Amino acid sequence: MNRPKAGAVRRPSAVPKPSAHPPPGDFIALGSKGQSGEGKAAVTLLKTAPPGLPSERKREAAAALAGPAGLTGLTKRPKLSSTPPLSALGRLAEAAVAEKRAISPSIKEPSVIPIEVVPTVLLDEIEAAEAEGNDDRIEGVLCGAVKQLKMNRAKPDTTLYLSLMYLAKIKPNIFATEGVIEALCSLLRRDASINFKAKGNSLVSVLACNLLMAAYEEDENWPEIFVKVYIEDSLGERIWVDSPHCKTFVDNIQTAFNTKMPPKSMLLHGEVGRSGGDLSAGSSPHPSMTEEEDSQSELLIAEEKMSPEQEGQLMPRYDDLAESVEEYVLDMLRDQLNRRQPMDNVSRNLLRLLTATCGYKEVRQMAVQRLEMWLQNPKLTKPAQDLLMSVCMNCNTHSSEDMEVISNLIKIRLKPKVLLNHYMLCIRELLNAHRDNLGTTIKFVIFNELSNARNPNNMQILYTVLQHSSEQAPKYLAMVFQDLLTTKDDYLRASRALLREIIKQTKHEINFQAFCLGLMQERKEAQYAEMEFKERFVIHITDLLAVSMMLGITAQVKEAGIAWDKGEKKNLEVLRSFQNQIAAIQRDAVWWLHTVVPSISKLAPKDYVHCLHKVLFTEQPETYYKWDNWPPESDRNFFLRLCSEVPILEDTLMRILVIGLSRDLPLGPADAMELADHLVKRAAAVQADDVEVLRVERIQLIDAVLNLCTYHHPENIQLPPGYQPPNLAISTLYWKAWPLLLVVAAFNPENIGLAAWEDYPSLKMLMEMVMTNNYAYPQCTLTDEETRTEMINRELQISQREKQEILAFEGHLAAASTKQTITESSSLLLSQLTSLDPQGPPRRPPPHVLEQVKSLNQSLRLGHLLCRSRHPDFLLNIIQRQASSQSMPWLADLVQSSEGSLDVLPVQCLCEFLLHDAADESTSGEEEEEGESKEQRAKKRQRQQKQRQLLGRLQDLLLGPKADEQTTCEVLDYFLRRLSSSQVASRVLAMKGLSLVLSEGGLRDGEEKDHPMEEDSGDSELLQGYQWLLRDLPRLPLFDSVRATTAVALQQAIHMETDPQTISAYLVYLSQHAPVEDQAQHNDLALDVARLIVERSTIMSHLFSKLSYSAESDAVLVALLSIFSRYIKRMRQSKEGEEVYSWSESQDQVFLRWTSGETATMHILVVHAMVILLTLGPPQAGDSDFYTLLDIWFPEKKPLPTAFLVDTSEEALLLPDWLKLRMIRSEVPRLVDAALQDLEPQQLLLFVQSFGIPVSSMSKLLQYLDQAVSHDPQTLEQNIMDKNYMAHLVEVQHERGATGGQTFHSLLTASLPARRDSAETARSKSSPDNSQGQSRIRALSQVRVLGPEDDLAGIFLQLFPLNPDPRWQNSNLRPLALSLQQALGQELARVRQGNAQVTGITARLLQAVAALMNSPHSGALVMAMHRNHFISCPLMRQLYQYQRCMPQDTAFSSLFFKVLMQMLQWLENPAVEDGPLRAQLKAFAVQYSSRHRISDVRGGFLHLTEALTFRRDPDLISSTVRAIIATLKSGEKCNVEPELISKVLQGLIETHSPYLEELLTVLFSATVETTARFPAMKPIAVVSSLLLQDKEETPVKKELDSCSTEAAWLGPSSGLLNDWLEMLDPEVISSCPDLQQKLLFSWNKAGSQVPSFRPYLLALLTHQSSWTTLHQCIRLLLCRNREQRFDPTASLDFLWACIHIPRIWQGRDQRTPQKRREEFVLHLKASELISMVELILAEAETRYENTEEASCTLIQSRLPLLLSCSHGDLETIKKVTEYLTSCIQQWGSSSYRGISCLFMP
């Protein structure tokens, strides 16, 4: 801030007045203003000069002190060794001179009359004067204090300076008057009366600096006097300028110079830390200092250390006085520098002042001209080095003055290494100072190097520059070379020499690519546009490019190249890096010739082609060294070869082709094709595994090459109208293009090769030729004779049509020009052109082209590259394409020709060769060899030898020590895929190949592997022809890696294979080795085998024929039973929630539930397959799996499992009729009984008429028919179509030996009365089973012992009948109840005695009851138990006692608690009377919850959910909640999902549980700390969803009860949840944005009440959120395309609050001025303003639907918000007005919305 006048206005005191000042001498903590002083000397001020001083001496002294620079004479301390010390007389004379001078012209003497007071009453005097308002008195007292300090510099009074420090701390404004400032500034000058030897006490000066700093700390504009005293002390003693305790004051003064000071690490002079000037060499205290003075200094240091936070603030202080300060400083410096004194007599302090003022460009100019001399002066070296650094760091304007400074800096010559190193460091800082300094520096260095007065340090400067800016420096260096080449004189030779010297001196540390790219940049300056020798410029740049590329050959590159020539692989990284560098430069050079050079000058064709060839190193060798004979003769050829044998980049090749296609550039298509062909072959010859020599990504290269071949007729010839000339190509170019593309395709098979293979038949033909090494036409891969003949005929037709088209075309051309008739003999084009149809049928190549392709294949190994490609796999494609034919001679030749290099060929190729050899042997058989010649027998032996070699190779890949996972998988996968082929021959060959490859392993492994097989050779001995599968394949070293693929292949093969024995082997293998670790793999295996069993009935009947038994079929049955036994066990163990199937297959999945409680989900075919296997009966060997499956699916005396459809949850038909028929036909009685259960009459009749049913099954069928007759004869009789046939059928079955059916037979043959008699007869002849049943019923009246086979669920239903008959006597139930109670009591007694042998009847009974409670009849059963409480209560008590005795059985306890809850749910019904059972169950539940410790938190939550759902008993709920809290506090992990937590919390809120807060505290702390599965944001989601649910339910509750609010549901819990939300997420909306946005802004329907917590949450959001969060909320609310609708009132209130957030206005002036301009805080776009208008209209519409006045008032209340967001922008307001107008037009002025729009201004 700016003061109008320091003496007139005084700042108010910042603190209240103290009641009394402290006594003098005591220590007071005052802050950081006091500083430490150094040695002090008590010197008496001399008032008058001695009379004996000569007049000349006086005049000299007066003249020396007359100007502002007069003080500098005192700063130079003479050396004691050379100059004798001044005498006492001399000192007195200088003191007199100082007194006569009175005061420096730069500082006025204080104009205020000082009032001296005793230091002890200074504070009282100041306070008294301030109370009186006497500012003059205050000023005088302070000036008096300053005077006392001045009088006692050597030993200032402690009380005095402490009082001043205290005043500066509490009342700094009293020092900011003109008089006090003048007085304090007088203290900052050195008193000339003090002798030179005394170092002087700097305490007074330090005090004055800090007093001034305190007074002016908050001022932005400081007086100029501070700069003047700073200059004086800088040039003089530097008493306080260098003092660290005055650093803040000094730094603020130095802001006037805008100097960027070097950091302390770069400053070299050692006196920075001293507080005094350079008169003293050390910092030890003066001997004359007393201990008291030392303590004063230490006291000030302690003051400074105790309050470091009150250091002054650094800011620009002289912005308004910048010009005058600069003028003053420059005048002072010019005066000092222009004085008549030797240059080496310059004070070091002057250099330091120059260092501090280098922010002025004039200072930099003055300093740089003398720097070299100062640097060489040993006395000034260190400050001169600092000055050099400051000049470089502040040279940041790049003005003409700074450019002159840089020029002078470059000319400085330094020899000492220390100076040179510092000079290079300064050069780095110079480059950092301004981005344009880099180019200027390089330019000046190069021009200086080429001048006569060259600096020997130029190369080192360039080295430093290149190291500093490795990317930009080469570009600027290139620009300088460009400038050199634009001159009239020919600088090429000098440029070459200079470039070589630079590269040599900089040790090749230059980015050659960046340098060359810089040489090729287009320049727009005038000198380039008006350049006279443009053609010469381009040619010279080209030469420099070639030189630069050769200069990149370092000694390491040269060594690596020589080693490579010798076949040694040494330093290959260096060589590859060089090659890639040359390739990149050539790419840039071709770009330059293509795009930049045509814009510079139109070169002659010869020169253009010369430049192109020169940069590509295809020009004559002498053109590279003719200027200066470099490279030397010994290295020329080697250098040229190194630069030419490099990769070619894709862009280079493409641009050459484009240049050839361009009509504006002088390179013709033929020359371009020739050059491209040469470059491609040259790059291909450099191929190596560690470098990509010919990488091409763009497919367009093929079209570009082919376009070069196109023939274009002369443009001046007019063809007949309507005639379309044919697409023709120049033959020589056309047949040069295909070999070129062949090379490119071989090096890029994945893109170019693939495109050629698929779209270009001619190129594909050439690829097949080089792959098969057969160059005949048609290619040998066409083995079908018809296809070959067709291809030859088509070629003849195409050739004939081509000839006619060319003749016709040439005839039209001749008719338009020479008018002569063209025939075949006179045609000129016929031999030169060919049809251009690259994607058409392949053409016959000329013989010389085939020879060329053959030569290329031999030299470049193109076929090897194509065969090696696996993606795409061309060789495999050929093999698979030829798989149908039996003859592939080229494949044999390919394998034969790959001498010792079988690795090159894919394993699929070797496998195919092996298969076809096997096929040839099988077809030829044991033919006689007599008719064969010796050559044929030799070839055959050679072929057999190759086959053995190949077989050995494959076996080595599988069984050898180097076998790896990939090759093993590839070999086996090739054979295994063919096992599921639809052709029998292919499957047989695949099995033969597998047996060849795998069986040899068993022979070569020796006898050790034969012994283990003897132990488990049961299955494998039965299937001798499949030992390769059952024995050898599992022995593979890497069998685990192929287990999965083998199993999948065999699972597919069993659906295609037709040989039962082969299928048997596959099934046995799958049962033993199929991987079933993964659930999906297990599902697939079971389903595939099930499909075989169910769908391939012919194979199954052949495998398991009832007519004959075989050990193989028995082994297969055991294998199948094993597969399904493992599967069903696994599925029954899987949890109910696990997803074991994909949703796409859900229509075929069934959910199974057994009466024992197990569940499973599986495919229905798998179920049917297992039942079919059971119908086959048990195998003779190993029937355990059979009975396991039988007990699972058809348990004895237990109901069958129930099945439900997964997709619809309907009950599924587990056993369809066709399956029941198979079950009836089986020999397994349990299956027959299960099939006959619950059959309808029509099903019984259908099954009786079926064939193949055993006699025993038929007897049971007839007995069921008899029961049907007695149960419902009418229905049965209606379903009988032919009674005579049916009666005869029954008689036939009786003849077979079947029993039963007499009642059914009598129904068929007699009338109704007779039928009753026959029924009596049949009853008398009933089987013994019936009599046993009757005896069992009679035995129920006696107490009997229950066994494990008894049906407890049936007994329970007998005890508590669902539909009781009033005639039934309760006494009949007593024996059954007693027997059940007796069994339970006996087991309970054994448990209490510790007997481990428990029958388990209690658990079985509880499971039965639980199953009944889950049935639809649970309610009726509970009511029956309620009625028969005399039976139910003892039973439930026994179950409870068992649960108490077996607390470790958690499953029993959990099930018992669940049954209790389900029963209490029914008994809690108000319609049910209270009874003993209800009271007993309630007591059990409470005792269970209080005593049973919940070990699993999730289980506890489930119990609590059941308690809250089924019944709302407070005691039960409270005990469960306490148990959960105790479990969580014990450290148990919280593994509960958020949905369950939310459900429990909701129930606790509804029941007003007092434990809600405690549960939340424990739950959320445990959640955050103990489990990673439940991250910290989940509690926020739970709390938010609870609040949101309350918000959504409030309107509904309001409709039901008008006086209810959300407190009716949440009650006091609303505040609790709000507090938790604030604690978990202080920003309210950052953790779960979607939920919390709904909580804060979701739309409330009309008439609904706003949630009470919303304003509080909005306030939290506004005050506690970060700016980022607030911005996101504002964008969300004002987004026009948002999906959800927000509450307009809440949204607008939030936007208003955002404008008035107190944080925005912090630091502003709280007193609002009268003419205040309103600040726009919220900056919105037009679309966002329109969204705000929509919110305003929506608010008015929802709150006041029918009253226009209230709506208008509401809209007008929102208008200030809208206007404050529009910022007065007329364009934005116009868009809003247009939107309102469109709304009125759309809705009309009569509608409510339209009226609301009219209210908007």
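Some thoughts on the overall build of the protein
Across its full length, the protein holds 83 helices and five strands. Going through the 1801 residues of the protein one by one, you find that 51% of them count as buried. Long-range contacts, defined here as pairs at least 24 residues apart, represent 76% of the contacts in the protein between residues at least 6 apart. Carbon and sulfur atoms make up 51% of the accessible area of the protein, which totals about 85,900 Å².

A word on the environment of asparagine 448
Checked against the element boundaries, asparagine 448 lands in helix α18 (residues 437-450). The exposure class assigned to asparagine 448 is buried, which follows from its relative accessible area of 10%. Spatially, the C-alpha atom of asparagine 448 lies 7.9 Å from that of lysine 411, the residues being 37 residues apart in sequence. Discounting chain neighbours no more than four positions away, the residues touching asparagine 448 are Lys411, Ala453, Arg454, Asn455 and Asn458. Among the polar contacts listed, one links the side chain of asparagine 448 to the side chain of asparagine 458, at a separation of 2.7 Å.

Topic: the side chain of serine 495
Mapped onto the fold, serine 495 is located in helix α21 (residues 492-505). Discounting residues that sit within four places of it in the chain, serine 495 has contacts with Phe481, Leu484, Leu485 and Leu544.

Digging into helix α60 (residues 1302-1309)
Within α60, six of the eight residues are buried, leaving the element largely enclosed by the surrounding structure. Within the sequence span of α60, burial applies to Thr1303, Phe1304, His1305, Ser1306, Leu1307 and Leu1308.

Observations regarding unusual backbone geometry
Backbone torsion omega between tryptophan 630 and proline 631 reads 5 degrees, so that peptide bond is classified as cis. Locating proline 631 in the fold gives a position in the loop between α27 (605-615) and α28 (636-644). The linkage connecting tyrosine 777 with the following residue, proline 778, adopts the cis geometry, with an omega of -5 degrees. The phi dihedral of phenylalanine 617 is positive, around 55 degrees, even though this residue is not glycine. Tracing the backbone shows phenylalanine 617 in the loop between α27 and α28.

Observations concerning the sheet that holds strand β3 (residues 1149-1153)
Hydrogen bonds between backbone atoms are what pair the strands of a sheet, whose relative direction is either parallel or antiparallel. With antiparallel pairing, three strands are arranged side by side in an open sheet as β4-β3-β5. Lying at the two open borders of the sheet, with one neighbouring strand each, are β4 (1159-1163) and β5 (1202-1205). Neighbour to neighbour, the strand axes of the sheet diverge by 30 degrees on average, direction disregarded. In terms of strand pairing, β3 meets β5 through four bridges, oriented antiparallel. The residue of β5 that forms the bridge with arginine 1153 is threonine 1202.

Examining the pattern of salt bridges
Tallied over the entire structure, the rule returns 44 salt bridges. For the salt bridge of lysine 361 with glutamate 401, the shortest nitrogen-to-oxygen distance reads 4.0 Å. Residue lysine 361 is located in helix α14 (residues 361-376), and its partner glutamate 401 is located in helix α16 (residues 400-411); the two are separated by 40 residues in the primary sequence. Using a relative accessible area of 32% as the deciding quantity, one classes lysine 361 as partly exposed.

Notes on α16
Taking 1.5 Å as the rise per residue, α16 with 12 residues should run 16 Å; its terminal C-alpha atoms sit 17 Å apart, in good agreement. The set of residues buried in α16 consists of Asp402, Val405, Ile406, Ser407, Leu409 and Ile410. For α16, the secondary structure elements touched by its buried residues are α14, α15 (381-393), α17 (417-433), α18 and α19 (458-468).

Digging into the nonpolar core
Ranked by size, the top nonpolar core spans 372 residues in total, and within it Phe175, Phe226, Trp240, Phe1124, Met1162 and Trp1193 carry the most contacts. If you tally residues by element for this core, the top one is helix α32 (residues 731-747), at 13 residues. When sequence neighbours within four positions are dropped, the list of residues in contact with methionine 1162 reads Tyr1127, Ile1128, Met1131, Asp1148, Gln1149, Val1150, Leu1152, Val1167, Met1170 and Trp1193. If you look at the next biggest cluster of nonpolar residues, it comprises 73 residues, including Leu1346, Val1497, Leu1504 and Leu1540.

Quick word on the packing of aromatic side chains
The final tally for this structure, using the stated rule, is 21 aromatic pairs. Their ring planes at 75 degrees and their centres at 6.1 Å tell us that tyrosine 528 and phenylalanine 537 sit as a pair that is edge-to-face. Residues tyrosine 528 and phenylalanine 537 agree in their burial class; the two are buried. Among the aromatic side chains, those forming a connected cluster through ring pairs are Tyr216, Trp222, Phe226, Trp240 and Phe249. Here the guanidinium or amino end of lysine 228 rests over the ring plane of tyrosine 328, the centre of that ring lying 5.6 Å away. Against the face of tyrosine 624 rests lysine 614, its NZ or CZ located 5.8 Å from the ring centre.

Quick word on the packing of helix α34 (residues 761-772) against helix α38 (residues 874-881)
One can describe the packing of α34 onto α38 by two numbers: an axis separation of 11 Å at closest approach and a directional angle of 95 degrees. Between α34 and α38, the crossing angle belongs to the class labelled roughly perpendicular. The segment α34 lies against α38, with Lys764, Met767, Glu768 and Met771 engaging Phe874, Leu875, Ile878 and Arg881. Here the contact of α34 with α38 is built from residues that sort into five nonpolar, no polar and three charged.

Side note on the packing of helix α24 (residues 534-551) against α27
Packing of α24 against α27 leaves a shortest axis separation of 9 Å and a crossing angle of 10 degrees. Here α27 runs roughly parallel to α24, going by the angle between their axes. Side by side, α24 and α27 meet where Val538, Ile539, Thr542, Asp543, Leu545, Ala546 and Met549 of the first sit next to Asp607, Cys611, Lys614 and Val615 of the second. Broken down by class, the residue content of the contact of α24 with α27 amounts to seven nonpolar, one polar and three charged.

Some points on the environment of phenylalanine 257
Relative to the helices and strands, phenylalanine 257 resides in the loop between α10 (247-254) and α11 (291-306). Put simply, phenylalanine 257 and threonine 357 are 100 residues apart on the chain and 5.4 Å apart in space, counted from C-alpha to C-alpha. Each residue touching phenylalanine 257, except ones within four places of it in the same chain, is listed here: Val227, Tyr230, Val325, Val329, Ala356, Thr357, Gly359 and Tyr360.

A short note on the environment of leucine 1245
If you trace the backbone, leucine 1245 turns up in helix α56 (residues 1241-1248). Judged by relative accessible area, which is 3%, leucine 1245 ranks as buried. The sequence separation of leucine 1245 and leucine 1276 amounts to 31 residues, and the corresponding C-alpha distance is 8.6 Å. Leucine 1245 has contacts with Leu1265, Leu1276, Asn1279, Ile1280, Met1286 and Phe1304, leaving out every residue within four places of it along the chain.

Looking at the pairing of β3
Burial of β3 is extensive: four of the five residues sit out of reach of the surface. Summarising the sheet, β3 and β4 pair through five bridges and their orientation is antiparallel. Each residue of the ladder has a partner; that of glutamine 1149, found in β4, is histidine 1163. Joining the antiparallel neighbours β3 and β4 is a turn of five residues, in which glycine 1157 adopts a positive phi near 105 degrees.

Overview of the side chain of asparagine 221
As for its placement among the helices and strands, asparagine 221 is situated in the loop between α8 (203-215) and α9 (224-235). Only 2.8 Å separates the side chain of asparagine 221 from the side chain of aspartate 320, close enough to count as a polar contact.

Here's the deal with the confidence of the model for the protein
Across the protein, the average pLDDT comes to 77, with 74% of residues at 70 or higher. Contacts for the low-pLDDT stretch residues 1-108, under 50 throughout, to residues beyond four places or in other chains number 218 contacts. This stretch, residues 269-311, has a pLDDT under 50; its non-local contacts, to residues over four places away or in other chains, come to 108 contacts.

Calculation criteria
Residues numbered from 1 in each chain as written. Predicted model: local features only at pLDDT ≥ 70, side-chain atom pairs only at ≥ 80, totals over all residues. Heavy atoms only, no water. Helix = DSSP H or I, 4+ residues; strand = E, 2+ residues; numbered from the N terminus. Buried < 20%, exposed > 50% of the residue type's maximum accessible area, 1.4 Å probe, protein only. Contact = heavy atoms within 4.5 Å. Areas by Shrake-Rupley, 256 points an atom, 1.4 Å probe, with all protein chains shown as cover. Polar contact = N/O pair within 3.5 Å; in protein donor to acceptor, adjacent residues only side chain to side chain. Pairing = 2+ DSSP bridges. Axes fitted to C-alpha atoms, helices over the stretch in contact; angles between N-to-C directions. Salt bridge = Lys/Arg side-chain N within 4 Å of Asp/Glu carboxyl O. Expected span 1.5 Å × (residues − 1). Core = buried A, V, L, I, M, F, W, Y, C linked by side-chain atoms within 4.5 Å. Phe/Tyr/Trp six-rings, centres within 6.5 Å; stacked < 30°, edge-to-face > 60°. Lys NZ or Arg CZ within 6 Å of the ring centre and 35° of its normal. Parallel < 35°, antiparallel > 145°, perpendicular 65-115°, else oblique. Nonpolar A, V, L, I, M, F, W, Y, C, P; charged D, E, K, R; others polar. pLDDT = per-residue confidence, 0-100.

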